[in-house]
Amino acid sequence: MSYYGLTFANVGDLTPRPLPIIRVEPHERRAPRRALEVLRRGGVIVYPTDTVYGLGCRIDDEGAVRRIISLKGRGLDDPLPVLLADPAQLEEYGTAVSAAARRLAALYWPGPLTIVVRRSARIPAFVTGGGETVGLRVPGHPMPRALVRDLGVPIVGTSANTHGAPAPVTAQGAVFELGDRVDLVIDGGRVPLGLPSTVVDATADPPRLIRQGAVVLRDVAA
């Protein structure tokens, strides 16, 4: 694990501001202490996942969540996905979880599948755009799982790009897209999959495919 920084100058301000970038090995299982400090104080970070690079903050900080919404160029009523550390947390952050949702989690978590369930009271409404459902995922990459585990709170798991732009597969791509508008970047090299997660609505009976991604699900009911 090593640390370096890029320097940016804000428009109208000749004073450069370094962007902290922490380089980690692709299979690093320890969350960088600096990243945890940033998240604990309500900061926004970029981090690698198994699918694409993510843009995240702790889910219980409304100011940080609204900052991500602004960075993405999305509306306040747009829901944000949430990353968990362990499949067992499905019942903690979802409620009235169906047998189908449990089955999908058992088959594909950790991995590139986002499962939409009814949110529990532990997911703030400002994360879900005021809606009663939330997309949950346990990623296949150890870094976001370590961040959530060591932070003790799930993190937002949206892609590190502005709305409509391609999701970045490298830290450099995320920095090119977002610049110094984030507080810290974890560089874990090129992500292994390079495709967004597949999204399934498990509140429907049978479950409904919302987005085809890294997991190919032709028959979700099966």
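Here the structure is a predicted model, which means the values were calculated and not measured.

### Things to note about the overall build of the protein
Argument step 1. Summing up its helical and strand segments, the protein has six helices and 13 strands in all.
Argument step 2. Computed over its C-alpha atoms, the radius of gyration of the protein comes to 17 Å, within 12% of the 17 Å expected for a compact globule of 222 residues.
Argument step 3. Considered along the principal axes of its C-alpha atoms, the protein spans approximately 55 × 35 × 30 Å.
Argument step 4. Within the protein, buried positions represent 50% of all 222 residues.
Argument step 5. Taking as baseline every contact in the protein between residues at least 6 positions apart, the subset at least 24 positions apart corresponds to 62%.
Argument step 6. In the form shown here, the protein has an accessible surface area of approximately 10200 Å², with 51% of it arising from carbon and sulfur atoms.
Argument step 7. Computing the positive centroid from 26 side-chain charges and the negative centroid from 22, the protein places the two 3 Å apart.

### A look at helix H6 (residues 171-178)
Argument step 1. Among the residues of H6, those classed as buried are Ala-171, Ala-174, Val-175 and Leu-178. Projected down its long axis, H6 carries its buried residues within an arc of 100°, all on one side.

### Comments concerning the environment of Ser-197
Argument step 1. You can see Ser-197 is positioned in the loop between strand S11 (184-187) and strand S12 (198-201).
Argument step 2. Ser-197 sits in the buried class, given a relative accessible area of 7%.
Argument step 3. Put simply, Ser-197 and Arg-137 are 60 residues apart on the chain and 8.8 Å apart in space, counted from C-alpha to C-alpha.
Argument step 4. Setting aside residues up to four positions removed in sequence, Ser-197 forms contacts with Thr-51, Pro-112, Leu-113, Thr-114, Arg-137, Arg-211, Gly-213 and Ala-214.
Argument step 5. A distance of 2.8 Å separates a polar atom in the side chain of Ser-197 from a polar atom in the side chain of Thr-114.

### Remarks on the pairing of S11
Argument step 1. Of the two faces of S11, the one carrying Leu-184 and Ile-186 and the one carrying Val-185 and Asp-187 are both buried.
Argument step 2. Across two bridges, the pairing between strand S3 (residues 45-47) and S11 is parallel. Paired with Ile-45 across the strands is Leu-184, a residue of S11.

What counts and what doesn't
Residues numbered from 1 in each chain as written. Predicted model: local features only at pLDDT ≥ 70, side-chain atom pairs only at ≥ 80, totals over all residues. Heavy atoms only, no water. Helix = DSSP H or I, 4+ residues; strand = E, 2+ residues; numbered from the N terminus. Rg over C-alpha atoms; globule rule 2.2 N^0.38 Å. Buried < 20%, exposed > 50% of the residue type's maximum accessible area, 1.4 Å probe, protein only. Contact = heavy atoms within 4.5 Å. Areas by Shrake-Rupley, 256 points an atom, 1.4 Å probe, with all protein chains shown as cover. Lys, Arg positive; Asp, Glu negative; His and termini not counted. Charge placed at Lys NZ, Arg CZ, Asp CG, Glu CD. Arc of directions from axis to C-beta. Polar contact = N/O pair within 3.5 Å; in protein donor to acceptor, adjacent residues only side chain to side chain. Pairing = 2+ DSSP bridges.

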